[in-house]
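The residues making up each chain are set out below.
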Amino acid sequence: MDDLETTPGGALQELTEDPSSRKRFLKTVGGGGAAAALGVLIAACGGKSSGGSSSTAADAATTAAASSGSSSSDAKNDIGIVNYALTLEYLEAQFYADVIASGVVKDPKVAALAKQFGATEQQHVDALIAAVKHLGGTPAAKPQASFQSVIGGGLKKILVTAATVENLGAAAYLGQAGNIKSKEILAAALSIHSVEARHAAALNELIGAGFSGGGALSGSIPDGAFAKPMPMAAVLTAVKPFLTA
């Protein structure tokens, strides 16, 4: 579990040692889900909030660094992690969009689920793009990808791939938790991680109940007491088959 160690100066260490940071973190992730956490993140980075005003990207980066006690190198580190997450969210959003556009999914309940998950992933994309900009960085470009081989394999392959991608996303966020310096970005990342994990559980359950003959909960129960993080290199290797350039 090296990825989760409280590295010196990191957000996890601050959350562990500072009661006020823990209180703010718990309020952020417990009060309104991913949208609320991302709203706090964007506001903390100098973006628009309800009734608030926006600042320039440079001012936003300065404000974020000052409020979290981070150095400019810490801010660059966090921008890199957010862009990494953004790349994965691009792929997830495109996957659902391509599946829906194909018309392969005939079951109205499954189609509705795909649309709901796709909309959520697009919200993640939009929020992460905004976060990078407000931190003074340049958002990662959308990767060129294709999921036609998956779609051509039929409904079961689509569902299995969806579950794989969602589980991969959850593991990717968890894998970077110990590397994030800003507690606001950590709170937002973990709130997205929670959503990805819930998507994965719903898909695992659907696959288990509909295709393997198992009970309704057979595929959604975790296989251990602790979620397993994945390092960046392993995640990027896992998504490489979907990339076309």
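You'll find the structure just up there.
Calculation rules
Residues numbered from 1 in each chain as written. Predicted model: local features only at pLDDT ≥ 70, side-chain atom pairs only at ≥ 80, totals over all residues. Heavy atoms only, no water. Helix = DSSP H or I, 4+ residues; strand = E, 2+ residues; numbered from the N terminus. Buried < 20%, exposed > 50% of the residue type's maximum accessible area, 1.4 Å probe, protein only. Contact = heavy atoms within 4.5 Å. Axes fitted to C-alpha atoms, helices over the stretch in contact; angles between N-to-C directions. Parallel < 35°, antiparallel > 145°, perpendicular 65-115°, else oblique. Left-handed = near helix turned anticlockwise from the far one by under 90°. Nonpolar A, V, L, I, M, F, W, Y, C, P; charged D, E, K, R; others polar. Core = buried A, V, L, I, M, F, W, Y, C linked by side-chain atoms within 4.5 Å.

## Re the overall build of the protein chain
- Helix and strand counts for the protein chain stand at ten helices and zero strands.
- When the helices and strands of the protein chain are placed in sequence order, the string is α-α-α-α-α-α-α-α-α-α.
- Counting every position in the protein chain, which comprises 245 residues, the buried fraction comes to 44%.
- Within the protein chain, counting contacts between residues at least 6 apart in sequence, those at least 24 apart form 78% of the total.

## A closer look at the packing of helix H6 (residues 108-134) against helix H8 (residues 155-176)
- Two numbers describe how H6 lies on H8: the axes approach to 13 Å, and their chain directions differ by 30°. On the basis of their axis angle, the class for H6 and H8 is roughly parallel. In the crossing of H6 with H8, the sense of the turn from one axis to the other is left-handed. Within the contact between the two elements, H6 uses Val110, Phe117, Glu121 and Leu128 and H8 uses Leu155, Leu159, Glu166 and Tyr173.
- The class makeup of the residues in the contact of H6 with H8 is six nonpolar, no polar and two charged.

## Structural notes on the nonpolar core
- Membership of the largest hydrophobic core comes to 27 residues, with the highest contact counts inside it found for Leu88, Phe95, Tyr96, Val99, Phe147, Leu203 and Val235.
- Among the secondary structure elements, those contributing two or more residues to this core are helix H5 (72-102), H6, helix H7 (148-151), H8, helix H9 (183-210) and helix H10 (232-239).
- Element by element, the count of residues in this core is highest for H8, at seven residues.
- Those residues in contact with valine 99 that sit more than four places away from it in its chain are Val104, Val105, Ile151 and Ile158.
- Residues Leu128, Ala140, Ala177 and Ile180 belong to the second largest nonpolar core, which totals 19 residues.

## A word on the environment of proline 231
- Within the fold, proline 231 resides in the loop between H9 and H10.
- Sequence-wise, proline 231 and tyrosine 173 are 58 residues apart; in three dimensions their C-alpha atoms are separated by 9.3 Å.

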